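In case you want the letters, here they are:
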Amino acid sequence: MVNEREVKYDEFARFILPVGPVHPALKEPFHLKIIVKREEVLDVELRLGHVHRGIEFLAENRNLIQAIYLTERICGICSHSHTTCFIQALEEVGGLKPPERALYLRTLIFELERAHSHLLLLGIMAYQIGFDTLFMYTWAAREKVLDLFEEITGNRIHHAMNVIGGVRWDLTPKMAEKTIRVMKDIEVTTRRIYDFFRGETVEKRLSGVGLLSQHDAHELCVVGPTARASGLVFDVRKDDPYAAYGDLNDSFSVISKKEGDSYARTEVRILELFELINIVQAALDRLPNGPINLGESPVRLMRRIPRGEAISRVEAPRGELIYFVKTNGGDGLERLKIRTPTLANIISLKKMLIGCEIADVPVIVTSIDPCLSCANRITLVDHETGEVKVVNADELRRKKS
Amino acid sequence: MIALEILLATLPLVFLLSLLFEGIDRKVHARMQRRIGPPIIQPFYDFIKLLVKENIVPTTAARSIFNASPSLAAASSIVGAAIPLANLIARTGIIGDLILVMYLLTMSSIMIVVGGSSSGNPYGAVGFSRKIMMLIGYEIPLLISVVSISIKAGPSLIYYDIILAQIKSDKCLACAYISSATAALTFLLCISAAVGVVPFDIPEAKTEVIHGPLIEYSGPQLALLKLAKSSTIFSLSLLAFTLFFYFPTIYELSIVLGEIATLGACLLGSLMVMLLTVTLPRTVFARLKIGQAFKTYWFFPLPMAITSLMLSVLGW
Amino acid sequence: MWKIASRSRIKSPWIFHLNTGSCNGCDIEIVAALTPRYDAERLGCVLVGSPRHADVLILTGPLTSQMMPRVVRVYEQIPEPKAVVAVGSCAISGAPFLGSYSIEGPLDRIIPVDVYVAGCPPRPEAIIRGIVTAVKRKFG
């Protein structure tokens, strides 16, 4: 008798809470079906694909220079990572070697992009826990980085810095000076933001929330700051240096934390901000003189790229980004395959979310810094039939193993 | 009967003042974030705009409750704010009006969540359960602190009697007795939860439950709910100031400068109370989780309120 | 009386932002418009979480087929009167995603758009101007 009543009560108390695709905590649409009992999350179903745009398909129908434009628009936050990764693969296929200065400039923009991305995440994190002031403060600091972008590349968001065989814009000494000045500013601001995050009200919301053990992190193949916060020490910049990271190897270290909770993931990003300020300063100090590209028209360079394939990877702000590029020997692509960091990270959400409270859901989702415009592009696995296939978390996991 | 007429006359005044208070709150909040912020009359724009907007009732909603609750919420909180204001102007009171005011303010916040939960939206239901939990958290210390101070001032449950007691004893109550000081602190701590702002806006958290109970409301209904919230803020800060910090000099002002001066001083004082208890916390704190908020209230204000009650019974 | 109402509407545009497949570039610029340097709240703009509270719908992205029914639904959920602002080149023309199998755009094929803010992505100033123009044109 008692048992029966309990079961009924349970059924009454648990109900399905749809989070998304349109939800203020998610700046981008994705769907979480959360089964809750009072405040506790019992089960999560993840659904991606709302912003799937078929970029791989489009890239295969365009020439290489148009594809650069397209890959830049995969994501507005890590646009430089995407083009760098793509162009590295093309240069590998074509046997082109960009000049040293171009590599340093790529690295510089890369790290500035990481600064803007991490500051953005810290601001969004503050917004999710209802701390508007910190959000405003962080985003005000981020504007300074965007100003730098505007001065160096001409754009705030899509920098269009990379071309085949080099970069588009050179850095004047005045810009370099300003960059160093802004980096000093950012360092001071980041220190203050770090103090904010270490303060009691924020730490209370973040620590112990969304635990991901080192074992799980390893099993689920998570990448980037999410992995590094769970005790995995892995960074493409150190382990497989690209651009100028080989030369700058001594100027930074890989940040890793053992705790594996949302607070650790946030802290890793804050500490990475300090590291990247070092990288920017070292890159500017050692910036070699010389040309910034191969001095040939990109169209001619594009035509010179033979048939072939290459894999390229970079450490985007959110983690390891992998491009597989197969050129067709003309000026187009035969196959483009992109594995974005968010796709690797988003499956770990299920592990983190189960057992938490409703109030923790936005915090946890933000803590992996999902960039769904990246991840959703890849949801379509079945590209031959042109069928839009929505992959849920279980299927994704099966695909992984 | 005269009291009733004054009460009716104060209703528009409450409407104006509570929206003005909200505007000042938003402006100061923005300035603290180094923004320019909206104009001070922004809440009036918002209110009028919402009033002339289309009203949508979702098909899943329990129609009658959904439609009735915003009006009830707004009416009870406006009357709850008008009674103390009218008493201040008329310098009189009715037996038990303090209890009535507290009841109306609680009623208003309950009506908001009842309306939200009748909308048929799961977020409204989550907001409802969160609000009820919050009510248990803050309502008890809030009421105990009021009881404690009414014992000190009489004992009397007439709002104006408490003010009279402060004028007679030549000191504001919070300065005069330890018990009242504790009660004042409890009351101030409870304000931000009672009006539901960060860090205690848990039932209406935008990023978690999408405004919770307010999610399905639109147009005039939403305007009324917003009005209910801002007049609750006004009423509670007015109560906090006049019950605990009514310095006798404020009364003496009326002898020199007329009654308007007394009223103005009270409003200025309650503005300060609002800035301290509503604007400041919502600028410098992050939102708490429901469990943390509940614990916060049961570990600090509740023991404080009980201590204050015991002290005031003992005569401290 | 009508004048007061229309003035209030112009002075308090509450925004609901919907991403219909955007690359995030426009989205972060919209959020940046609320931050201290641009501070859209000084014009009364508030980012709300529920379409029921909104006056202005801001759409970014080339409108993917998955989001299309949701865009229509969100548009219908917004109470009258309402204005729609399409932000970014994708929302205006679909470029560079035009020709993809999963793009249903451009946006104005599905719902009426009042103001187009061009750019990839447009600057926050342009977005604020777009909102103000939309409410002035629609509610003024």
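This is a predicted model, so every value here is computed, not measured. (Residues numbered from 1 in each chain as written. Chains lettered and ligands numbered in written order. Predicted model: local features only at pLDDT ≥ 70, side-chain atom pairs only at ≥ 80, totals over all residues. Heavy atoms only, no water.)

**Some remarks on the overall build of chain A**
Next up, step 1: Scanning chain A from terminus to terminus reveals 18 helices and eight strands.
Next up, step 2: With 401 residues in all, chain A has 62% of them scored as buried.
Next up, step 3: Within chain A, contacts between residues at least 6 apart in sequence are counted, and of these 71% link residues at least 24 apart.
Next up, step 4: Here chain A displays about 14,400 Å² of accessible surface, and carbon together with sulfur accounts for 51% of that area. (Helix = DSSP H or I, 4+ residues; strand = E, 2+ residues; numbered from the N terminus. Buried < 20%, exposed > 50% of the residue type's maximum accessible area, 1.4 Å probe, protein only. Contact = heavy atoms within 4.5 Å. Areas by Shrake-Rupley, 256 points an atom, 1.4 Å probe, with all protein chains shown as cover.)

**Focus: the layout of surface pockets**
Next up, step 1: The calculated volume of the second largest pocket comes to roughly 520 Å³.
Next up, step 2: In terms of lining residues, the second largest pocket is bounded by 21 residues, among which Leu-189, Pro-199, Phe-200, Phe-285 and Thr-296 of chain B are the most central.
Next up, step 3: Of all the secondary-structure elements, those providing two or more residues to the lining of the second largest pocket are helix H8 (200-206) of chain A together with helix H8 (178-195), helix H12 (259-284) and helix H13 (290-299) of chain B.
Next up, step 4: When its residues are assigned to classes, the lining of the second largest pocket shows 15 nonpolar, four polar and two charged. (1 Å grid on protein atoms, 1.4 Å probe; cavity = no way out; pocket = protein on both sides within 12 Å on 5 of 7 lines; lining within 4 Å. Points joined across faces, edges and corners; volume = space filled by probe spheres on them. Nonpolar A, V, L, I, M, F, W, Y, C, P; charged D, E, K, R; others polar.)

**A word on H8 of chain B**
All names here are of chain B.
Next up, step 1: Given a rise of 1.5 Å per residue, 18 residues ought to cover 26 Å, and the 26 Å separating the end C-alpha atoms of H8 matches this to within 8%.
Next up, step 2: A maximum bend of about 25° is found in H8 at Leu-189.
Next up, step 3: Counting buried residues in H8 gives 13 out of 18 residues, a clear majority hidden from the surface.
Next up, step 4: Of the residues one or two after H8, Gly-196 is the one with positive phi, at around 70°. (Expected span 1.5 Å × (residues − 1). Bend = angle between axes of the 7 residues up to and from the residue.)

**What to know about unusual backbone geometry**
Residues and elements named next belong to chain C.
Next up, step 1: A cis geometry characterises the amide bond from Glu-80 onward to Pro-81, with omega recorded as -10°.
Next up, step 2: Looking at where Pro-81 falls in the secondary structure, it is placed in the loop between helix H3 (68-77) and strand S4 (83-87).
Next up, step 3: Positive phi outside glycine occurs at Asp-39, with the angle close to 45°.
Next up, step 4: Inspection of the secondary structure assignment puts Asp-39 in the loop between helix H2 (25-32) and strand S2 (46-47).
Next up, step 5: With relative accessibility at 1%, the residue Asp-39 sits in the buried group.

**Regarding the confidence of the model for chain A**
All names here are of chain A.
Next up, step 1: Of all residues in chain A, 84% attain a pLDDT of 70 or more, and the chain-wide mean is 79.
Next up, step 2: Mean pLDDT across the elements of chain A bottoms out in helix H18 (residues 393-400) (36) and peaks in strand S6 (residues 307-316) (89).
Next up, step 3: Low confidence marks residues 1-12, where pLDDT is under 50. Its contacts with residues over four positions away, or in another chain, come to two contacts.
Next up, step 4: The model gives residues 377-401 a pLDDT under 50, and that stretch makes 57 contacts with residues more than four places away or in other chains. (pLDDT = per-residue confidence, 0-100.)

**Quick notes on the pattern of salt bridges**
Next up, step 1: Evaluated as defined, the whole model comprises 40 salt bridges over all chains.
Next up, step 2: Note that Arg-73 of chain A and Glu-72 of chain A form a salt bridge whose closest N and O atoms lie 3.6 Å from each other. Neither Arg-73 of chain A nor Glu-72 of chain A differs from the other in exposure class; each is buried.
Next up, step 3: For Arg-35 of chain B, the salt bridge identified is with Glu-41 of chain C, shortest N-O distance 2.5 Å. With Arg-35 of chain B in the loop between helix H1 (2-32) and helix H2 (42-51) and Glu-41 of chain C in the loop between H2 and S2, this residue pair bridges two chains.
Next up, step 4: Each of the salt bridges in this network shares a partner with another, and the network as a whole consists of Glu-111, Arg-114, Arg-228, Asp-235, Arg-237, Glu-272 and Glu-315 of chain A. (Salt bridge = Lys/Arg side-chain N within 4 Å of Asp/Glu carboxyl O.)

**Regarding the side chain of Arg-53 of chain A**
Next up, step 1: Its location among the elements puts Arg-53 of chain A in the loop between strand S3 (40-47) and helix H2 (55-60).
Next up, step 2: Polar side-chain contacts of Arg-53 of chain A include one of 2.9 Å to the backbone oxygen of Ile-74 of chain A. (Polar contact = N/O pair within 3.5 Å; in protein donor to acceptor, adjacent residues only side chain to side chain.)

**Here's the deal with the interface of chain B and chain C**
Next up, step 1: With 29 residues of chain B in contact, the opposing surface of chain C contributes 28 residues.
Next up, step 2: Roughly 2,400 Å² is buried in total at the junction of chain B and chain C, and carbon and sulfur atoms are behind 55% of that figure.
Next up, step 3: Taken together, chain B and chain C are joined by six salt bridges.
Next up, step 4: On the surface where chain B and chain C come into contact, there are 19 residue pairs in polar contact (both at pLDDT 80 or more). (Buried area = accessible area lost by both parts, 1.4 Å probe.)

**Topic: the interface of chain A and chain C**
Next up, step 1: Tallying the contact residues gives 45 residues for chain A and 39 residues for chain C.
Next up, step 2: Between chain A and chain C, roughly 3,300 Å² of surface is buried when both sides are summed, and carbon and sulfur atoms account for 64% of that area.
Next up, step 3: Our count for the chain A to chain C interface comes out at four salt bridges.
Next up, step 4: Across the pair Arg-156 of chain A and Glu-29 of chain C runs a salt bridge whose closest N-O atoms are separated by 2.7 Å.
Next up, step 5: Linking chain A with chain C are nine residue pairs in polar contact (both at pLDDT 80 or more).
Next up, step 6: Mapped by element, the contributors of at least two residues to the side of chain A that touches chain C are H2, helix H3 (64-72), helix H5 (100-128) and helix H6 (132-153) of chain A.
Next up, step 7: Looking at the side of chain A that touches chain C element by element, the count peaks at ten residues for H6 of chain A.
Next up, step 8: For the side of chain A that touches chain C, a count of residues per class yields 24 nonpolar, nine polar and twelve charged.

**As for the environment of Pro-124 of chain C**
Next up, step 1: Here Pro-124 of chain C is to be found in helix H5 (residues 124-139).
Next up, step 2: Residues Pro-124 of chain C and Pro-69 of chain C, 55 residues apart in the sequence, show an inter-C-alpha distance of 28 Å.

**Notes on the sheet that holds strand S1 (residues 14-19) of chain C**
All names here are of chain C.
Next up, step 1: In spatial order, the strands read S2-S1-S3-S4-S5; together these five strands make up an open sheet with parallel pairing. Edge positions in the sheet fall to S2 and strand S5 (115-117), since each of these pairs with one other strand and no more.
Next up, step 2: Looking at chain direction, S4 and S5 are connected through three bridges and run parallel. Bridging from a neighbouring strand, Val-85 pairs with Val-115 of S5.
Next up, step 3: Most of the contacts of H3 go to S1, to which it runs at about 170°, and overall it touches S1, strand S3 (56-60) and S4. (Pairing = 2+ DSSP bridges. Axes fitted to C-alpha atoms, helices over the stretch in contact; angles between N-to-C directions.)

**With respect to the environment of Lys-3 of chain C**
Next up, step 1: Among the structural elements, Lys-3 of chain C can be located in helix H1 (residues 2-11).
Next up, step 2: Counting along the chain gives 137 residues from Lys-3 of chain C to Gly-140 of chain C, while the straight-line C-alpha distance between them is 8.6 Å.

**A word on a nonpolar patch on the surface**
Residues and elements named next belong to chain B.
Next up, step 1: The grouping of Met-32, Leu-276, Leu-280, Val-284 and Phe-285 at the surface amounts to a nonpolar patch, some 410 Å² of accessible area in total.
Next up, step 2: It is H12 that contributes the most residues to the nonpolar patch, three residues altogether.
Next up, step 3: Along the polypeptide, Val-284 turns up in helix H12.
Next up, step 4: Take Val-284: its relative accessible area is 41%, and that puts it in the partly exposed class. (Patch = residues over 30% accessible without salt bridge, like charges linked within 9 Å, V, L, I, M, F, W, Y side chains within 5 Å.)

**What to know about empty space enclosed by the protein**
Next up, step 1: For the structure on display, the rule yields nine cavities of 30 Å³ or more.
Next up, step 2: Approximately 1,200 Å³ is the volume attributed to the largest cavity.
Next up, step 3: The wall of the largest cavity is formed by 44 residues, among which Asp-132 of chain A, His-211, Lys-226 and Arg-282 of chain B together with Val-46 of chain C lie closest to the centre.
Next up, step 4: Counting residues per element, the ones that place at least two in the lining of the largest cavity are H6 of chain A, H1, H2, helix H9 (206-209) and helix H10 (219-244) of chain B together with S2 of chain C.
Next up, step 5: It is H10 of chain B that provides the largest number of residues to the lining of the largest cavity, a total of six residues.
Next up, step 6: For the lining of the largest cavity, the residue count by class is 21 nonpolar, eight polar and 15 charged.

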